[in-house]
Amino acid sequence: MDSLTQIVLGAAVGEAVLGKKIGNKALLWGAIAGTIPDLDVISNFVVSNKMQATLMHRAFTHSFLFAFLMAPIFGYAVQKLFKNTNTTFRNWTTLFFWGFLTHILLDVQTSYGTQLLWPFHNRLAISNIFVVDPLYTLPFLIFVITVLFYKRSNPKRAKINRIGIYVSSAYLILTLLIKGYTYKKFTNSLAYQKINYNRIETGPTPFNAVLWYANVETDDAFYIGAYSLFDKSDFIRYKKFDKNPILRNSLKEYQTFNEMNRFSKDWYVLTQKDSTTYYNNIRFGLMGFEPDNRDFFFSQKINIKNNDVLFESERKKFKNNKKPSSFIKKMVKKIFIRAKGIKQ
């Protein structure tokens, strides 16, 4: 999830563990604990191989092993800072453990997922919530901010914090139920259209849990469809993307290409434009869901150099845009319009 969400979740956890003993400092240290696992983004600046940096994100720092090993270390260090208070090494270890673990478990529910069982490379991703979802974060944030205005001895403080945790957790449960409901809509539609598939993956589109996408793999192609809870029809139109097996096979001799496939779980489409080949990780969806849209969120140029594949992020073109915010607004508008549903 985004940094703000993890800060809010961490603060709520810190309050639940140590709020009665140290008041608002518990919120602060909980927020810090909720941020620490994402410090693995430093690899983007210290690792020259961007592919390795991508694979390192949400790896060790997002694993059970990290939570168990590092919580006592951070707990010991911080307890030394607060040795004159009534807090203990166990208190601080508990705060950091739950701060780390809740961060990790929340990230598991996104499409990006985490290597929860690191050092095993399998990336677990439930895909029931987008990495930025205001309906999860904003109500939770309001409860955490409200807690700040009560003294640590006031029983209302702990009650408000618990309500915030319950509400946010209930929303996550709701997204799981919606995922199950929309999954059935997708599979029924595929059966009706007689599309025989090998595997299917579904998830929410950016910033909401109303509009959902499905990636579908057959022997020779990928199909991508979208369904809104407000659609009046159960018929789902799918965009077809050929697998381009000749090009795929020609690139599989390169190690970096295979590492990228491990990251994408082989959910990728290769496209070509003006003699340039693009690697599109379809697990992160399309930028819009109008019928003619074929632009992906995760799209990288492929260059062959020194007998290996180099990936160049397409996000550079947005950085060079004089008004990048206009692009985001346009994208959000497209998603909102589609989320309103197809009337017939």
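Residues numbered from 1 in each chain as written. Predicted model: local features only at pLDDT ≥ 70, side-chain atom pairs only at ≥ 80, totals over all residues. Heavy atoms only, no water.

Novice: Whenever I open this one, helix H5 (residues 64-81) confuses me. Can you help?
Specialist: Working note: α-helix, 3.6 residues per turn, so residues spaced by three or four point in the same direction. The terminal C-alpha atoms of H5, which comprises 18 residues, lie 26 Å apart, in line with the 26 Å expected from a rise of 1.5 Å per residue. At Met70, H5 shows its maximal bend, which comes to roughly 35 degrees, and the proline Pro72 appears one to four places after that position. Taken as a whole, H5 has its buried residues at Phe66, Ala67, Ala71, Gly75, Val78 and Gln79. Elements in contact with the buried residues of H5: helix H2 (24-35) and helix H6 (89-108). (Helix = DSSP H or I, 4+ residues; strand = E, 2+ residues; numbered from the N terminus. Expected span 1.5 Å × (residues − 1). Bend = angle between axes of the 7 residues up to and from the residue. Buried < 20%, exposed > 50% of the residue type's maximum accessible area, 1.4 Å probe, protein only. Contact = heavy atoms within 4.5 Å.)

Novice: Can you help me understand the packing of aromatic side chains in this one?
Specialist: Given two aromatic rings, one states the distance between the centres and the angle between the planes to describe the pair. Applying the stated rule across the entire model yields 28 aromatic pairs. Their ring planes at 50 degrees and their centres at 5.9 Å tell us that Phe96 and Phe100 sit as a pair that is tilted. You can see Phe96 and its partner Phe100 sitting in helix H6, four residues apart, about one turn around the helix. The exposure class of Phe96 is buried, given its relative accessible area of 0%. Taking 5.4 Å as the distance between ring centres and 80 degrees as the angle between the ring planes, the aromatic pair formed by Phe97 and Trp98 counts as edge-to-face. Residue Phe97 is classed as buried on the basis of its relative accessible area, which comes to 17%. The structure contains a cluster of three or more aromatic residues connected by ring pairs, namely Trp29, Phe60, Phe66, Phe74, Phe82, Trp92, Phe96, Phe100 and Trp118. The ring of Trp267 carries Arg199 above its face, with NZ or CZ at 4.0 Å from the centroid. Over the ring of Phe222 we find Lys243, and its NZ or CZ is 5.4 Å from the ring centre. (Phe/Tyr/Trp six-rings, centres within 6.5 Å; stacked < 30°, edge-to-face > 60°. Lys NZ or Arg CZ within 6 Å of the ring centre and 35° of its normal.)

Novice: Sorry, what's going on with the nonpolar core here?
Specialist: Soluble globular proteins: nonpolar side chains tend toward being buried together. Tyr136, Phe140, Val144, Phe186, Val216 and Tyr238 are the most contacted members of the largest nonpolar core, which totals 31 residues. For this core, the elements supplying multiple residues, two or more each, are helix H1 (3-22), H2, helix H7 (134-147), helix H8 (155-192), strand E2 (211-217) and strand E3 (221-228). Phe186 has contacts with Ile200, Thr202, Trp212, Tyr213, Ala214, Gly225, Ala226, Tyr227, Ile236 and Tyr238, leaving out every residue within four places of it along the chain. (Core = buried A, V, L, I, M, F, W, Y, C linked by side-chain atoms within 4.5 Å.)

Novice: Honestly, the side chain of Ser228 in this entry has me stumped. Any pointers?
Specialist: As for its placement among the helices and strands, Ser228 is situated in strand E3. Setting aside chain neighbours within four positions, we find Ser228 in contact with Val210, Leu211, Arg338, Ala339, Lys340 and Gly341.

Novice: Would you take a moment to explain H2 for this structure?
Specialist: Taking 1.5 Å of rise per residue, twelve residues should cover 16 Å, and H2 covers 17 Å from first to last C-alpha, within 8% of that figure. Looking only at H2, the buried set comprises Ala26, Leu27, Trp29, Gly30, Ala31, Ala33 and Gly34. In the core, the buried residues of H2 are packed alongside H1, H5, H6, H7 and H8.

Novice: I would appreciate a short explanation of the sheet that holds strand E5 (residues 268-273) in the present structure.
Specialist: In a beta sheet, neighbouring strands pair by backbone hydrogen bonds and run either parallel or antiparallel. The four strands are arranged E5-E6-E7-E8 in an open sheet whose pairing can be described as antiparallel. The open sheet terminates on both sides in strands that have one partner only, identified here as E5 and strand E8 (308-313). Averaged over all pairs of adjacent strands, the angle between strand axes in this sheet comes to 35 degrees, irrespective of strand direction. Strand direction decides the pairing type here: E5 and strand E6 (residues 276-286), joined by six bridges, are antiparallel. Residue pairing across strands places Val269 opposite Asn280, the latter belonging to E6. (Pairing = 2+ DSSP bridges. Axes fitted to C-alpha atoms, helices over the stretch in contact; angles between N-to-C directions.)

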